[in-house]
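Working through the structure, step by step
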Amino acid sequence: MIGKKSLDIPRRQLIKLAGLASASAISSVQANPVKTPSASEGPYYPTPSMRHTDIDNDLVKIADKTRQAGGEIITLKGIITNAALLPLSGIRVEIWQCDVNGRYLHTRDRNSATSDSGFQGFGHTLSNANGEYEFRTIKPVSYLGRAPHIHVKLFKDEKVFTTQFYVKDHSDNSQDVLHRRMSVEEQKAVEMEFSSFDDNVEAVINIIC
Ligand SMILES: [Fe+2]
């Protein structure tokens, strides 16, 4: 699991969350809420039998393997809230994506590229008491006609919500069928903007569901 220190939420996000305590802040935030758009699960969701034994929230390091994943390592994190912007704790969050060579952890992936044996391909976590979630993974790469993306799946109240996160301003976004289907506001809600923070490259995506 990722260390506690890296679970710190950026100041701008703490301000936003703290603001939820006041009615005026709630109304101002709710004035323009953008519910996280759903997206199809896609064909490469790794079923339990396809996964590594290690399915924690660090996709860059598989337990008992010395080599870590290739690619640009990032932290992906944010806060999960309901439509009223109240943090949701205990939400199971799963992510999966292709490795740096474009291979999914899935038996039906026909890409002939060599799999990156250091990449976990799938991971999960539970949102904490503040609704926070966090993963260590790699910056997604393009995959056979798709813009770079990370698949995300949430389990809430026995319902399943799936979406996909993209790379802000990536040149392939405009050609991506699923990305193009969203409104500009919806696109912004699922686009990762990377920043460097204590030698760590991170993106914050809050999920409203
Ligand atoms: Fe995909």
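As a reminder, the structure under discussion sits directly above these lines.
A brief structural summary.

Notes on the overall build of the chain
- Helix and strand content of the chain: 4 helices and 10 strands.
- Its helices and strands in sequence order give the chain the pattern α-α-β-β-β-β-β-β-α-α-β-β-β-β, from N to C terminus.
- Considering the chain as a whole, with its 209 residues, one finds that 32% of them fall into the buried category.
- Considering only contacts in the chain between residues 6 or more positions apart, those separated by 24 or more positions represent 73%.

Quick word on the pairing of strand 1 (residues 73-81)
- With 7 of 9 residues buried, strand 1 lies mostly within the body of the structure.
- The pairing of strand 1 with strand 4 (residues 132-138) spans 7 bridges and is classified as antiparallel. Residue pairing for strand 4: T75 is matched across the bridge by R136.
- Bridge count for strand 1 against strand 9 (residues 200-204) is 3 bridges, and the pairing is parallel. Counted as the bridge partner of K77 is V204 from strand 9.
- Here strand 1 runs beside strand 10 (residues 207-208); their pairing, made up of 2 bridges, is parallel. The residue bridging T81 from the neighbouring strand is I208, located in strand 10.

Some points on unusual backbone geometry
- The backbone phi angle of D64 is positive, close to 75°, even though this residue is not glycine.
- Here D64 is to be found in the loop between helix 2 (23-30) and strand 1.
- Look at D157: it is not a glycine, yet its phi comes out positive at around 50°.
- Taking the C-beta count within 10 Å as the criterion, D157 has 8 such neighbours and is therefore assigned exposed.

Points about the sheet that holds strand 2 (residues 92-96)
- The mixed open sheet is built from 5 strands, whose spatial order is 3-2-5-6-7. Across the chains shown, the open sheet's two edge strands, defined by having one partner strand only, are strand 3 (122-126) and strand 7 (191-192).
- Here 5 bridges tie strand 2 to strand 3, and the two strands are oriented antiparallel to one another. Note that in strand 3 the partner of I95 across the bridge is G123.

Description of the environment of L105
- Note on placement: L105 falls in the loop between strand 2 and strand 3.
- Classification of L105 as buried rests on a count of 22 C-beta atoms within 10 Å.
- With 17 residues separating them in the primary sequence, L105 and F122 have C-alpha atoms 7.4 Å apart.
- Each residue touching L105, except ones within four places of it in the same chain, is listed here: P46, M50, R51, W96, G121 and F122.

Re the environment of S38
- Its place among the elements puts S38 in the loop between helix 2 and strand 1.
- If we ignore the near neighbours within four places in the chain, the residues touching S38 are F161, T162 and T163.

Here we look at the pairing of strand 4
- By the criterion of burial, strand 4 is predominantly enclosed, with 7 of the 7 residues buried.
- What you see with strand 4 is no split at all: E132, E134, R136 and I138 on one side and Y133, F135 and T137 on the other are buried throughout.

Describing the environment of R136
- You can see R136 is positioned in strand 4.
- Accessibility expressed as a C-beta count within 10 Å gives 25 for R136, which makes it buried.

Basis of the calculations
- Residues numbered from 1 in each chain as written.
- Predicted model: local features only at pLDDT ≥ 70, side-chain atom pairs only at ≥ 80, totals over all residues.
- Helix = DSSP H or I, 4+ residues; strand = E, 2+ residues; numbered from the N terminus.
- Buried ≥ 20, exposed ≤ 12 C-beta atoms within 10 Å, placed from the backbone.
- Contact = placed C-beta atoms within 7 Å.
- Pairing = 2+ DSSP bridges.

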